[in-house]
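Observations on the three-dimensional arrangement
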Amino acid sequence: MELSLETLPIPDGLRDQYYAAGIRSLYPPQITCVDEGLFLGRNLIISIPTASGKTLVAEMAMHHHIASGGKCLYVVPLKALASEKYDDFSGKGVKIGIATGDFDRKDELLGRSDIIVATSEKVDSLLRNRTGWISSITLLVIDEMHLIGDEGRGATLEMVIATMRNRNQNLQVIGLSATIGNPKELAGWLSAGLVQSDWRPVDLREGVYYKGSIRFDGSKREVASLKKDADTNLCLDTIQEGGQALVFVSSRRNAEGAAKRIASALGLEEPALNRIADQILENDESGVAQALALCIKKGAAFHHAGLSRDARKLVEEGFRKGTIRVIASTPTLAAGLNLPARRVIINSLHRFVPGEGQVAIPVREYRQMAGRAGRPGLDPYGEAVLIGKSESAVKELFREFICAPAEEIDSQCAKKSVLLSRILALVASNEATDNDAILSFFSGSFYAFRHRNLSYLTRICTRVTRELEEMGMVVDLGSRIEATVFGELTSKLYLDPRSSVMIQTAFHERETVTPFGILHLLCATPDMFRLFLRSADEELIEHVIEEQGEEILIGEGEHLFSWLGYDDFYQAIKTAIVLQDWIGEVSVEMIAERYSIGPGDIHGLVDGIGWLVHGARELCRREMPAHLQIIADLELRIRHGVKEELLPLIRLRGIGRVRARSLFNSGYTTPGEIRDAGVEKIARIVGQKTAESIIQEIQNKEIGKRSGNQSGNLESGEKREKKKRPRYDGKVNDETRLDRGDASTRRKSGQQRILDF
DNA sequence: CCGTAACCGTTGTAGACAGCATGTC
DNA sequence: CTACAACGGTTACGG
């Protein structure tokens, strides 16, 4: 069956673009989408393999909506994916906007775009803040919709869909999903048409390698055994016939190890490869970057979250251009960007789960990796190859993965930990303001669709609501549940209620807090990503507890914070130590080496603590103004990675980490001293232009101050010890305070000894 | 004397969303 | 508190 683009109700401009790109007709599954009512406003679940044209379907539907005055929201799970889609959709005659945590215009301004690409969390946040344009969305596209079943973030996605549907009755929803076990249920939930197909534009062969050959279903392919390791031989084989290979492994160490092995087996020498290697080392001299550069020189690379953003990009680009022949990667690449290769080699189908050990990965994830095989239009076929260790293992791999059906996905929203913030969000945004409304909201969820019996959900909802009340987040007025100021703030700041309570309790009980204490507290919250403990860390942690134990604000196994485990507490110490180094101006390279982590990890930690400390500051402003100044200072120090002494300088526009440090070292430690020194002397350190503008700025601020206008937040350097009183404009709402628990039992909590790991 | 294989106990284990207000070298 | 593989250290063996 052929379907020409001519007959489709899409704008002519878009059609021309498609023609120019060589698209003449639709793929079979795309035709089914049209038949199922894509252009008739019908909801659709499209469950087809990766790279079989889902994006195109969504794009056509979006342009169709825009042409008749509609507005579209495209939801993705990763920020990297958001920019990828932004690029895909750009330049086709409609306005595209991008909304993610670290890259957004003013929320309201975003409403002028025709298509808004956003992460699910960002949409959640926009819904909580009742952003105006959200209600004018006519088409909602959910990319990777199967992530509804994801333990960590699935509930957010589910709630976003439910809330959007709740607010807008005429909304069309298109869900793009990988192959899952129960697509019919997903479609049933949304009363959607289901498009399901295994069709791929490039043929995919799945097989298992064992003793020198790949066994496919029915056929066999010999692979020359030039080297010892199976994955190396498989790579050499592919490269030899002109393809590229992607090797999936389960740990970073394995990724680096495999890349090294394969690189030396390849032994390429090309100027293009050397250029990439040089670029890697340009802004990043850490150990990982050096190892990576060495591998890339010979044609292979590794990829994992420890790499810096730049390094990751360079690897991805290099592979896409064909310069880099092999990437050995952790699952970062499996779920993320679209980076196909002719052959995908899957080294291990296990993953470590704390508490369970090595666990087999879900079939769905195997499919996701295998689906990366075969570049449409470039490769004659794609191959996914598993590695068998014995005759019986080969059979098992076929049975358990290649021939196995994908798992069913289930709703994740009926768990206490997610319901806490979900219900708070419902109440705080006036989505639901009493128990019945809360339940009725959840009756529109995927959970309710799957589990007809809602008695469990009902019970847990009332329990969670009561808990929120105990936390001081909501008040139950009988007829109506209302969010307290504290609760509303928590919801809008996008903090986990448990984090908020931890922050509030810890600050409330203390006269003095130190940066390290705050860092540890924030690292211990459920919102923070923590570093693993290694046995080598024991000594360091013990030492820090001895030195700085008094500063710690919360105790291990704190009875108030039942969610704070024993390990979490020590992980938080380690993580806080790393961040303390960061604000102590220890270089990234040094930190990386000291704790055997990569620049990417450091970035991730700094980023995470950065928004948490901002949240903490906003909480402090309302609840505990006495600590406001110290936390505001800490926020600035984290953002720039500087010591306290640079604070007065870093506040100047045009002065960052490096310039502030060189000014300070040259003896100019305050804005006052800089002004007195004059443009000429300062220009020698920071250049003429910056010198002029900062001195101008200093003078402006001083005039502002003299005239009694306190709004200039420049802290006059010569009076550092006379700390400015934190400004606080409201009264503390007593209802929002937490006055529970026996404070004295917790006071000295920082002192306990570390026992063993 | 050295290299290798074989063995054994020890060690470490993936990922990255959100707020906010603007500007580094 | 799970299970697996890679690593480091040691020993045994063979050239």
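Residues numbered from 1 in each chain as written. Chains lettered and ligands numbered in written order. Predicted model: local features only at pLDDT ≥ 70, side-chain atom pairs only at ≥ 80, totals over all residues. Heavy atoms only, no water.

**Here we look at the protein's contact with DNA strand B**
Looking at DNA strand B, there are 41 residues lining it, with S125, F529, W611, R653 and R659 nearest. Sugar and phosphate atoms represent 60% of those atoms of DNA strand B found within 4 Å of the protein. Between V658 and DNA strand B, the recorded distance is 2.7 Å, taken from a backbone N or O atom to a phosphate oxygen. R659 has a polar backbone atom sitting 3.1 Å from a phosphate oxygen of DNA strand B. At the level of elements, α5 (120-128), β15 (350-353), α26 (599-623), α27 (628-640) and α29 (657-665) are the ones that each hand at least two residues to the surface near DNA strand B. (Near = heavy atom within 4 Å. Polar contact = N/O pair within 3.5 Å; in protein donor to acceptor, adjacent residues only side chain to side chain. Helix = DSSP H or I, 4+ residues; strand = E, 2+ residues; numbered from the N terminus.)

**Considerations on unusual backbone geometry**
With the exception of glycine, the majority of residues adopt a negative phi angle, and the majority of peptide bonds are in the trans configuration. Backbone geometry at E144 places phi at a positive 55°, although glycine is not the residue there. Within the secondary structure layout, E144 lies in the loop between β5 (139-142) and α6 (154-167). Unlike most non-glycine residues, E585 shows phi in positive territory, near 60°. Look at E585 and you get partly exposed, because its relative accessible area is 25%. (Buried < 20%, exposed > 50% of the residue type's maximum accessible area, 1.4 Å probe, protein only.)

**Digging into the domain arrangement of chain A**
By the assigned domains, chain A splits into domain 1 (5-196), domain 2 (204-402) and domain 3 (416-492). Spacing between the C-alpha centres of domain 2 and domain 3 amounts to 45 Å. (Domains from an automatic or database assignment.)

**Let's talk about the packing of aromatic side chains**
Here a ring pair, both rings aromatic, is described through the centre-centre distance and the interplanar angle of the planes. Here the structure, examined in full by the defined rule, presents seven aromatic pairs. Taken together, a centroid distance of 5.1 Å and an interplanar angle of 70° make the contact between Y74 and F89 edge-to-face. Within this pair, whereas Y74 is found in strand β2 (residues 72-76), its partner F89 is found in helix α4 (residues 79-89), the two being separated by 15 residues in sequence. Since its relative accessible area comes to 0%, Y74 is described here as buried. Judged by relative accessible area, which is 1%, F89 ranks as buried. Their ring planes at 45° and their centres at 5.6 Å tell us that F561 and W563 sit as a pair that is tilted. On the basis of relative accessible area, F561 is assigned to the buried category, the value being 1%. Take W563: its relative accessible area is 23%, and that puts it in the partly exposed class. (Phe/Tyr/Trp six-rings, centres within 6.5 Å; stacked < 30°, edge-to-face > 60°.)

**Examining the confidence of the model for chain A**
Mean pLDDT over chain A stands at 87; residues scoring 70 or higher make up 92%. Element-level pLDDT for chain A is lowest in helix α33 (residues 744-747), with a mean of 30, against a maximum mean of 98 in β5. Across residues 709-757, confidence stays below pLDDT 50; counting only partners more than four residues off in sequence or on other chains, it has 94 contacts. (pLDDT = per-residue confidence, 0-100. Contact = heavy atoms within 4.5 Å.)

**Here we look at the state of the cysteines**
For the structure shown, the criterion picks out zero disulfides. In this model C523 remains outside any disulfide bridge; the closest cysteine sulfur is found in C620, 16 Å from its own. Residue classification places C523 among the buried positions, given a relative accessible area of 0%. (Disulfide = S-S within 2.5 Å.)

**Quick notes on the packing of helix α24 (residues 566-582) against α26**
Taken N-terminus to C-terminus, the directions of α24 and α26 make an angle of 90°; their axes are 11 Å apart at the nearest point. It follows from the interaxial angle that α24 and α26 lie roughly perpendicular. Of the residues in α26, those touching α24 at T575, V578, L579 and W582 are I602, L605, V606 and I609. Split into classes, the residues belonging to the contact of α24 with α26 amount to seven nonpolar, one polar and no charged. (Axes fitted to C-alpha atoms, helices over the stretch in contact; angles between N-to-C directions. Parallel < 35°, antiparallel > 145°, perpendicular 65-115°, else oblique. Nonpolar A, V, L, I, M, F, W, Y, C, P; charged D, E, K, R; others polar.)

**A few points about helix α8 (residues 230-240)**
The buried fraction of α8 amounts to 10 of the 11 residues, a majority that puts the element mostly inside the structure. Buried within α8 we find A230, D231, T232, N233, L234, C235, L236, D237, T238 and I239. With its phi angle positive at about 95°, G242 sits one or two positions after the end of α8.

**Let's talk about the protein's contact with DNA strand C**
Residues in close proximity to DNA strand C include R253, N254, F352, V353, P354, G355, E356, G357, Q358 and D567, which together make up its full environment. Sugar plus phosphate: this is where 52% of the atoms of DNA strand C within 4 Å of the protein reside. Here a base oxygen of DNA strand C sits 2.7 Å away from a polar atom, N or O, in the main chain of E356. Within the side chain of D567, one N or O atom sits 3.4 Å away from a base nitrogen of DNA strand C. Broken down by secondary-structure element, the contributors of at least two residues to the surface near DNA strand C are α9 (252-266), β15 and β16 (357-360). Within the surface near DNA strand C, the residues separate by chemical class into three nonpolar, four polar and three charged.

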